[in-house]
Amino acid sequence: MTQEPGTRTTVLTRRLTAPNPGPMTLDGTNSWLIGAPGQQDVVVVDPGPADRGHLAALAAAGRTVLTLITHRHADHTEAVDDFHALTGAPVRAFLPEFCRGAAPLADRETIEAAGCRIRVLHTPGHTSDSVCFHLPDDGPVGGGDAVPPARATGSVLTGDTVLGRGTTMLDHPDGSLGDYLRSLQRLAVLGDALVLPAHADVREDVEAVCEELLEHRMERLAEVREALRALGRAATLEAITARIYTDVPEHVLPAARSSVGAQLAYLGF
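Residues numbered from 1 in each chain as written. Predicted model: local features only at pLDDT ≥ 70, side-chain atom pairs only at ≥ 80, totals over all residues. Heavy atoms only, no water.

Caption draft 1: The arrangement of the overall build of the protein in detail. Scanning the protein for helices and strands turns up seven helices and eleven strands. A compact globule built from 269 residues would reach a C-alpha radius of gyration of about 18 Å, and the protein, at 19 Å, matches this within 12%. Each of the three principal axes of the protein carries a C-alpha extent, and together these read 65 × 35 × 30 Å. Classification of the 269 residues of the protein by burial places 52% in the buried group. Looking at the protein alone, contacts between residues at least 24 apart form 57% of all its contacts between residues at least 6 apart. Carbon together with sulfur atoms contributes 52% to the accessible area of the protein, which is approximately 11700 Å² in total. Separation between the mean location of the 23 positive side-chain charges and that of the 35 negative ones in the protein comes to 3 Å. (Helix = DSSP H or I, 4+ residues; strand = E, 2+ residues; numbered from the N terminus. Rg over C-alpha atoms; globule rule 2.2 N^0.38 Å. Buried < 20%, exposed > 50% of the residue type's maximum accessible area, 1.4 Å probe, protein only. Contact = heavy atoms within 4.5 Å. Areas by Shrake-Rupley, 256 points an atom, 1.4 Å probe, with all protein chains shown as cover. Lys, Arg positive; Asp, Glu negative; His and termini not counted. Charge placed at Lys NZ, Arg CZ, Asp CG, Glu CD.)

Structure below.
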């Protein structure tokens with residue numbers, strides 16, 4: 001038996017990680033392959049950076065019938081045109097400028113492709129165009145040759161809205177904390193669905209993960225309020241960020257400042 005390209009992560013998904021590790025991308029950007037067992041057709045989510053080897057591996061993983069984009073950032077979209085040219089498959093995103101040969105994604109629509117149902121959830125916060133893809137019929141891979149029954153809540157491809165570890169940056173002013181909190185609450189309704197993030201590893205139980213992230217954001221808001229009391233309401237974004245993020249490497253500070261800016265806007269500053 002030949003080994004299938006990518007890492008089998010769930011009954012319906014495989015993962016190929018692009019060779020672009022870094023402070024913002026962690027181990028690299030995960031491109032996801034969606035397809036029912038025995039299907040040659042696949043849906044590719046986030047072709048990633050314009051890396052020739054990565055795109056060739058994605059194209060070799062099956063007959064790409066559709067490409068989906070979780071959000072506009074370059075580590076997810078840089079390869080859109082190259083991959084579209086390579087496969088001929090239409091590309092759909094929330095923003096029209098990243099679509100090729102197909103309409104933009106709509107919140108709550110259901111896509112049927114590669115033998116799977118894919119529910120589109122608009123989850124702004126990290127960016128205003130962020131979407132997640134819920135696979136209600138998915139489930140964990142079992143032992144041996146048996147195909148396990150699907151979880152009632154399946155899995156959800158979360159893009160950068162929920163990462164495999166750590167917390168995401170809010171790309172303020174396009175991304176907003178209010179939107180992000182609402183998006184986490186929306187994802188939490190999916191219960192114990194597996195989390196398939198765009199960076200780092202699979203996580204269990206999206207409800208528990210989202211509750212943890214909501215608590216973390218409340219703690220950060222408390223820290224911003226404390227910094228404003230200590231430094232004064234006229235304190236600069238840089239000063240507030242430096243007070244809160246005391247152990248963050250220099251190259252991560254721009255992302256920290258962006259998130260603090262989103263928190264200040266949420267508090268009305």
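And the narrative resumes.
Caption draft 2: Quick peek at the sheet that holds strand E5 (residues 63–68). Pairing is mixed in the open sheet, where six strands are placed in the order E1-E2-E3-E4-E5-E6. Edge positions in the sheet fall to strand E1 (7–8) and strand E6 (91–92), since each of these pairs with one other strand and no more. Bridge count between strand E2 (residues 13–17) and strand E3 (residues 30–34): five bridges; the pairing is antiparallel. The residue bridging Arg14 from the neighbouring strand is Leu33, located in E3. Its contacts with the sheet put helix H1 (residues 52–60) on E2, E3, strand E4 (41–45) and E5, and the angle it makes with E2 is roughly 165°. Helix H3 (residues 80–87) rests against E4, E5 and E6 of the sheet, and its axis sits at about 155° to E5. (Pairing = 2+ DSSP bridges. Axes fitted to C-alpha atoms, helices over the stretch in contact; angles between N-to-C directions.)

Caption draft 3: Main features of the pairing of strand E8 (residues 116–122). As defined by bridge partners, strand E7 (residues 110–113) adjoins E8 across four bridges and the pair is classed as antiparallel. Residue pairing in the sheet places Ile111 in a bridge with Ile118 of E8. Hairpin connection between E7 and E8: a loop of two residues separates the two successive antiparallel strands, and Ala114 in this loop has a positive phi of roughly 55°. Of the strand pairs in this sheet, E8 and strand E9 (residues 131–135) are connected by four bridges, and their pairing is antiparallel. Looking across to E9, one finds that Val120 is bridged to Phe133.

Caption draft 4: Up close: the side chain of His54. Structurally, His54 can be placed in helix H1. Polar side-chain contacts of His54 include one of 2.9 Å to the side chain of Ser31. Setting aside chain neighbours within four positions, we find His54 in contact with Leu16, Thr17, Ala18, Pro19, Ser31 and Pro47. (Polar contact = N/O pair within 3.5 Å; in protein donor to acceptor, adjacent residues only side chain to side chain.)

Caption draft 5: Broad picture of the sheet that holds E7. Spatial strand order, E7-E8-E9-E10-E11: five strands in an open sheet with mixed pairing. With one partner strand each, in any of the chains shown, E7 and strand E11 (194–197) form the two edges of the open sheet. The average angle at which neighbouring strand axes cross in this sheet is 25°, direction not considered.

Caption draft 6: Quick look at the nonpolar core. Among the nonpolar cores identified, the biggest contains 22 residues, and Ile34, Val43, Leu68, Ile111, Ile118, Phe133 and Leu157 are the most heavily contacted of them. Broken down by secondary-structure element, the contributors of at least two residues to this core are E3, E4, E5, E7, E8, E9 and E11. Aside from chain neighbours lying at most four places away, what touches Ile118 is Ile34, Val43, Leu68, Glu109, Thr110, Ile111, Phe133, His134 and Leu135. (Core = buried A, V, L, I, M, F, W, Y, C linked by side-chain atoms within 4.5 Å.)

Caption draft 7: Region of interest: the pairing of E5. As paired elements, E4 and E5 share five bridges and run parallel to each other. For Val43, the partnering residue across the bridge sits in E5 and is Leu66. Between the parallel pair E4 and E5, the chain is carried across by H1, and the sense of this crossover is right-handed. Note that E5 and E6 share two bridges and pair parallel. (Right-handed = clockwise from strand over helix to strand, strands pointing away.)

Caption draft 8: Quick peek at the confidence of the model for the protein. Mean pLDDT for the protein: 93, with 94% of residues reaching 70 or above. Note on residues 143–149: pLDDT is under 50 here. Beyond four places in sequence and across chains, it has five contacts. (pLDDT = per-residue confidence, 0-100.)

Caption draft 9: Molecular detail of the state of the cysteines. All chains considered together, the criterion is met by zero disulfides. Cys116 forms no disulfide, and the closest cysteine sulfur to it belongs to Cys132, at a distance of 17 Å. On the accessibility criterion, Cys132 (0% relative accessible area) is buried. (Disulfide = S-S within 2.5 Å.)

Caption draft 10: Quick peek at the environment of Leu228. Its place among the elements puts Leu228 in helix H5 (residues 206–231). Its relative accessible area of 9% is what places Leu228 among the buried residues. In the structure, Leu228 is positioned twelve residues away from Ile240 in sequence and 7.4 Å away in space, judged by C-alpha atoms.

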